[in-house]
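Fold and geometry: a report
These are the residues of each chain, in order.
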Amino acid sequence: MTNHVDVSDEPETADEPETAHEPDSSDEPDDADAGGGTDRGRRSWITVGLAVVIVLAVAAAVWFAIRLATAASGADHEAAEERDAALAAGGRAVVTLNTLDHRTAEDGIARWQAASTGMLREQLAASKEDLIAAVRKAKSRTTAHLVAAALTELGKGEARLMAVLDIKVRPAEEEPTTKRARYIADLVKVGGEWRLGGLSSVAVEK
Amino acid sequence: MAESARSSRTRVALAVVAVLVVAAAVALGIAAESKPRPGEINYAHVDQPRTTAVADQAQRITDKVFSFTPDTVAATKRTAQQTLRGDAVAQYEKLYGPLLSQARNDGLSMDTSVASVGVQQLRDDHATVLVFANQRGQKKGSDQPSLGGARVKLELLHTDDGWKIIGITVL
């Protein structure tokens, strides 16, 4: 409130300040405030402003330095991303190898092969013709949905995945059936890409 | 005049310092905020010792609380009391209450053996694991056991007394 009054007073005394200034500022500090619009007053405000900026910036720098020091390590972050990549690719691959349509059997088996590596890939190559013949004969369509998945092991370029799938089989004539299945899959990283090296359905031991 | 020159030099110096300090704060801020907080990372298979510890404990608890014979019902119940917390208590009661009654009345035995455990999430004191287990149930006097393959998702909480199961979801 007092500032307001001071400022509104200013124009009336605007003619005299240059000479009256020096003694005024030493005798009556209050008047220095009134001269907020003068060069000197403005400069002192700039000084105060800069000091405030420095204090705030130092505080922010200290805060961020603490945040940086307590952030998760880059190695952990990369390892977590590697795990997620293996889990996602493994889940997709298991679904792929449980998906087959008699009308596009060749493409389907080609996708199985593309998602696999090593022994599994060799086995698929060897039994490719039989697989295609069988699905064409049955005129069936099989689709799969990933219910849950987790890694049981994760090493350098190797992992083991457990997966729960709902597998829907639509035979030519009969009603479609859905069964829930458990799978264990061996994953191998080939050229930066996770592939299936082995896949086994976990049957109930009898 | 000398005072004015000195104060203007001071202001220039302050301005330079302000720019440098602001730049440092911005640089530190970008570096700090681009990294995830430890609480935001899922440490499953990242922190290997903890991952193994929670998987082992999930396996031990599952084998014990889901197995019983007519003679060990009390022991199974005691283990359940020690290792289950929160929602898991009611979930277990719903799943196993009727079976434990059958154990006493009809001489039912159940043997549960974990085949695989996979840790999905591991954050602070929380974990979720996927469990595959094989189950063999047998009634007294019957030589034909019934076999089953179980898929269970467990939620675990780390307490002062080790990992406890706080959620059981049968998949």
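Residues numbered from 1 in each chain as written. Chains lettered and ligands numbered in written order. Predicted model: local features only at pLDDT ≥ 70, side-chain atom pairs only at ≥ 80, totals over all residues.

**Topic: the overall build of chain A**
- Looking only at helices and strands, chain A has seven helices and five strands in total.
- When the 206 residues of chain A are sorted by exposure, 22% land in the buried category.
- The long-range fraction of contacts in chain A, counting pairs at least 24 apart against all pairs at least 6 apart in sequence, stands at 54%. (Helix = DSSP H or I, 4+ residues; strand = E, 2+ residues; numbered from the N terminus. Buried ≥ 20, exposed ≤ 12 C-beta atoms within 10 Å, placed from the backbone. Contact = placed C-beta atoms within 7 Å.)

**Section: the environment of Thr72(B)**
- Summarising the element assignment, Thr72(B) is placed in the loop between helix H2 (48-65) and helix H3 (73-83).
- In this structure, the C-alpha to C-alpha distance between Thr72(B) and Ser109(B), residues 37 residues apart in sequence, is 9.3 Å.

**A closer look at the nonpolar core**
- Core analysis: the largest hydrophobic core is formed by 61 residues, its most contacted members being Leu161(A), Ala163(A), Val54(B), Ala58(B), Val129(B) and Val131(B).
- Those residues in contact with Ala163(A), other than ones at most four positions away along the chain, are Gly91(A), Val94(A), Leu146(A), Ala149(A), Tyr183(A) and Ala185(A).
- Within the second largest apolar cluster, five residues are counted, among which are Ala57(A), Phe64(A), Ala18(B) and Ala25(B). (Core = buried A, V, L, I, M, F, W, Y, C linked by C-beta atoms within 7 Å.)

**Structural notes on the confidence of the model for chain B**
- Looking at chain B as a whole, its pLDDT mean stands at 91, while 98% of the residues score no less than 70.
- Both confidence scores are given for the complex: pTM 0.76, ipTM 0.79. (pLDDT = per-residue confidence, 0-100.)

**Some words on the interface of chain B and chain A**
- Contacts between chain B and chain A engage 40 residues on the former and 36 residues on the latter.
- Of all elements in the fold, only helix H1 (2-33), strand S1 (109-123), strand S2 (126-138) and strand S3 (146-159) of chain B reach the threshold of two or more residues within the side of chain B that touches chain A.
- By residue number, the principal contributor to the side of chain B that touches chain A is H1(B), which donates 15 residues.
- Along the lines of polarity and charge, the residues of the side of chain B that touches chain A split into 24 nonpolar, eleven polar and five charged. (Nonpolar A, V, L, I, M, F, W, Y, C, P; charged D, E, K, R; others polar.)

**Let's talk about the confidence of the model for chain A**
- Predicted confidence across chain A gives a mean pLDDT of 83, with 81% of residues reaching 70 or more.
- Note on residues 1-36 of chain A: pLDDT under 50 across the span, and 15 contacts to partners over four residues away in sequence or across chains.

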